[in-house]
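So you can see what is in the structure, the chains are spelled out below.
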Amino acid sequence: VTDQAFVTLATNDVYCQGALVLGQSLRNHRTSRKLAVLITPEVSSGLRSVLRSVFDEVIEVNVLDSADSVHLALMQRPELGVTFTKLHCWTLTHYSKCVFMDADTLVLCNVDELFDREEFSAAPDSGWPDCFNSGVFVFRPSLKTYNLLLQFAAEHGSFDGGDQGLLNSFFSNWATADIGKHLPFLYNLSSSAVYTYVPAFNHFGRDAKVVHFLGATKPWNYKYNLQTKKVMQDGTIDGSLHQLSFLSLWWNIYSASILPLLEKLQKMEESEPEECKVTDKGVNKVAHSVSELSIHFKPQEPIPEDERKKWEEGRIDYMGKDAFEHIKKKLDAFLH
Ligand code: UDP
Ligand code: GLC
Ligand code: MN
């Protein structure tokens, strides 16, 4: 199917990590639809090329920011003004129907049946179920709708400062008009909400189709032990083992499919002639942002005697001594 697509958004290299895992999870479950990612000028050239290996289309758009610090403060998420950039998804008029998915979502099975739904379909928000959550929704690209949305934003703003407040006011009859436009919660299971209703999760959770890592702490903020394939628990993981198993799933995809792509990028960058590095700012920016990301894994000042402990704690120097190629060499030496 070439006129329908899953669409996501990443305004920076960090959210790209999420977009890549989402894209890979859709591929793993053999979607028959196209994959598109909206990015903004801030995304580095290196991450763009990695995105191109997972997505059919990488589309640059300009940043739309609500700049509404007052409302964003109510959610304690000052960084979410840029989620207005999501509105650009209505401009993808070369598709007749799309499913938007936040970069912090992950599909657990094939969800192509979402395309049987009509605009505007979405699942209830776990915090306010008469609102939909705007992390997963079915829509029809249309410049008319896009312009109406921008006009609406200019006139009324957004009650939460992000796209969700705006979209809920715009598609204001969602709660009552047509139950067919209510996606089951299983298509946008907020991982942090699971522990608020454990019996329901125990009963229905096995049918979950999309998990959404909603909230300020994203999977990429956790530490992961590549050896044990376990997410490090530091007391901040909300409540349950379920949350932990979703996080592990995210990290399994990230380490198996995305890290190798980033390592390849890193290698290509290292083999670039020096002049090229200086002239191509984008390339240098990748090195910066990838190592920035690895702050979560990599201590700034290595203490040699603590190497083993660090490894066991999941503080792994992916780009340096613990790079996959070194690990592989060690394993090969051990096995032969
Ligand atoms: N997003 C982005 N850059 C940002 C913040 C958000 O690209 O700095 C995009 C990304 O697709 C993300 C979505 O906007 O998944 C909504 O933000 P987030 O998922 O952080 O909000 P939450 O679901 O936690 O409320
Ligand atoms: C939400 C949604 C997210 C949206 C944000 C800002 O919690 O999950 O997709 O961007 O609110 O409105
Ligand atoms: Mn989200």
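Residues numbered from 1 in each chain as written. Chains lettered and ligands numbered in written order. Predicted model: local features only at pLDDT ≥ 70, side-chain atom pairs only at ≥ 80, totals over all residues. Heavy atoms only, no water.

Within an unreviewed UniProt entry, the label attached to the protein chain reads glycogenin glucosyltransferase, and the organism entered is Strigops habroptila. According to its UniProt record, the protein chain has this under Sequence similarities (unreviewed entry): "Belongs to the glycosyltransferase 8 family. Glycogenin subfamily." (UniProt positions renumbered as here; feature names shortened; annotations may be inferred.)

Enquirer: Whenever I open this one, the site of ligand 2 confuses me. Can you help?
Expert: Around ligand 2, the structure places 13 residues, and the nearest of them are Lys-86, Asp-102, Asp-160, Asp-163 and Gln-164. One of the side-chain N or O atoms of Asp-102 is found 2.7 Å from an oxygen atom in ligand 2. Within the contact set of ligand 2, an oxygen atom lies 3.1 Å away from a side-chain nitrogen or oxygen of Asn-133. If ligand 2 stood free it would expose 310 Å²; the protein chains cover 90% of that surface. Most atoms of ligand 2, that is more than half of them, are within 2 Å of grid points of the largest pocket. Put simply, the parts of the chain that give the shell around ligand 2 at least two residues each are strand E7 (132–139) and helix H5 (163–170). Top element by residues in the shell around ligand 2 is E7. It accounts for 3 residues. Residues belonging to the shell around ligand 2 are distributed by class as follows: 2 nonpolar, 7 polar and 4 charged. (Near = heavy atom within 4 Å. Polar contact = N/O pair within 3.5 Å; in protein donor to acceptor, adjacent residues only side chain to side chain. Areas by Shrake-Rupley, 256 points an atom, 1.4 Å probe, with all protein chains shown as cover. 1 Å grid on protein atoms, 1.4 Å probe; cavity = no way out; pocket = protein on both sides within 12 Å on 5 of 7 lines; lining within 4 Å. Sits in = over half its atoms within 2 Å of the grid points. Helix = DSSP H or I, 4+ residues; strand = E, 2+ residues; numbered from the N terminus. Nonpolar A, V, L, I, M, F, W, Y, C, P; charged D, E, K, R; others polar.)

Enquirer: I'm lost on the pairing of strand E1 (residues 4–10) in this one. Help?
Expert: On a regular strand, each side chain points to the face opposite its neighbour's, so the side chains alternate between the two faces of the sheet. With 7 of 7 residues buried, E1 is to be regarded as a mostly interior element. Here E1 shows two buried faces, one formed by Gln-4, Phe-6, Thr-8 and Ala-10 and the other by Ala-5, Val-7 and Leu-9. Inspection of the sheet shows E1 paired to strand E4 (residues 97–101) by 4 bridges, in the parallel sense. Bridge pairing links Phe-6 to Val-99 in E4. When E1 meets strand E2 (residues 34–39), the two strands line up parallel, connected through 6 bridges. Within the sheet, the bridge partner assigned to Phe-6 lies in E2 and is Leu-35. In this view, the connection linking E1 to its parallel neighbour E2 by way of helix H1 (residues 13–28) has right-handed handedness. (Buried < 20%, exposed > 50% of the residue type's maximum accessible area, 1.4 Å probe, protein only. Pairing = 2+ DSSP bridges. Right-handed = clockwise from strand over helix to strand, strands pointing away.)

Enquirer: How should I be thinking about the environment of Leu-92 in this particular structure?
Expert: Note on placement: Leu-92 falls in the loop between helix H3 (69–75) and E4. Separated by 49 residues in sequence, Leu-92 and Pro-141 have C-alpha atoms that sit 5.5 Å apart. In contact with Leu-92, not counting residues within four places along its chain, are Val-7, Leu-38, Ile-59 and Pro-141. (Contact = heavy atoms within 4.5 Å.)

Enquirer: Would you mind showing me how to read the sheet that holds strand E5 (residues 105–107) here?
Expert: Across a sheet, strands are paired by hydrogen bonds formed along the backbone, either parallel or antiparallel in direction. Strands sit in the order E5-E9-E8 across an open sheet of 3 strands; the sheet is mixed. Looking at strand neighbours, the two that pair on one side only are E5 and strand E8 (189–190), the edges of this open sheet. The sheet contact formed by E8 and strand E9 (residues 210–212) spans 2 bridges and is parallel. Considered in E9, the bridge of Leu-189 is made with Val-211. Lying over the sheet, helix H8 (residues 241–270) contacts E5, E8 and E9, oriented at roughly 80 degrees with respect to E5. (Axes fitted to C-alpha atoms, helices over the stretch in contact; angles between N-to-C directions.)

Enquirer: Would you explain the site of ligand 1 in this entry?
Expert: Neighbouring ligand 1 are 16 residues; Leu-9, Thr-11, Tyr-15, Gly-215 and Lys-218 lie closest to it. With respect to ligand 1, the side chain of Asp-102 contributes an N or O atom lying 3.2 Å from an oxygen atom. Relative to its free-state accessible area of 510 Å², ligand 1 is covered by the protein chains to the extent of 92%. Judged by the proximity of its atoms to the pocket grid, ligand 1 belongs to the largest pocket.

Enquirer: Got a minute to help me understand H8 in this structure?
Expert: Taking 1.5 Å of rise per residue, 30 residues should cover 44 Å, and H8 covers 40 Å from first to last C-alpha, within 8% of that figure. In H8, a bend of some 40 degrees at Ser-255 exceeds every other bend along the element. (Expected span 1.5 Å × (residues − 1). Bend = angle between axes of the 7 residues up to and from the residue.)

Enquirer: So what exactly am I meant to see when it comes to the sheet that holds E4 here?
Expert: The strand order across the open sheet formed by 6 strands is E3-E2-E1-E4-E7-E6, and the pairing between neighbours is mixed. Either end of the sheet is taken by a strand with one partner, and the two such strands are strand E3 (57–60) and strand E6 (121–124). Across the sheet, the mean angle from the axis of one strand to that of its neighbour is 25 degrees, orientation sign disregarded. Looking at chain direction, E2 and E3 are connected through 4 bridges and run parallel. Bridge pairing in E3 links Ile-39 to Glu-60. Across the sheet, H1 touches E1, E2 and E4, and the angle it forms with E1 is around 160 degrees.

Enquirer: What exactly am I supposed to notice about H5 here?
Expert: Turn by turn, an α-helix covers 3.6 residues, leaving residues three or four places apart pointing in a common direction. Within H5, 6 of the 8 residues are buried, leaving the element largely enclosed by the surrounding structure. Those residues of H5 lying buried are Asp-163, Gln-164, Gly-165, Leu-166, Leu-167 and Asn-168. Residues of H5 that are buried in the fold lie against E7 and helix H4 (143–156).

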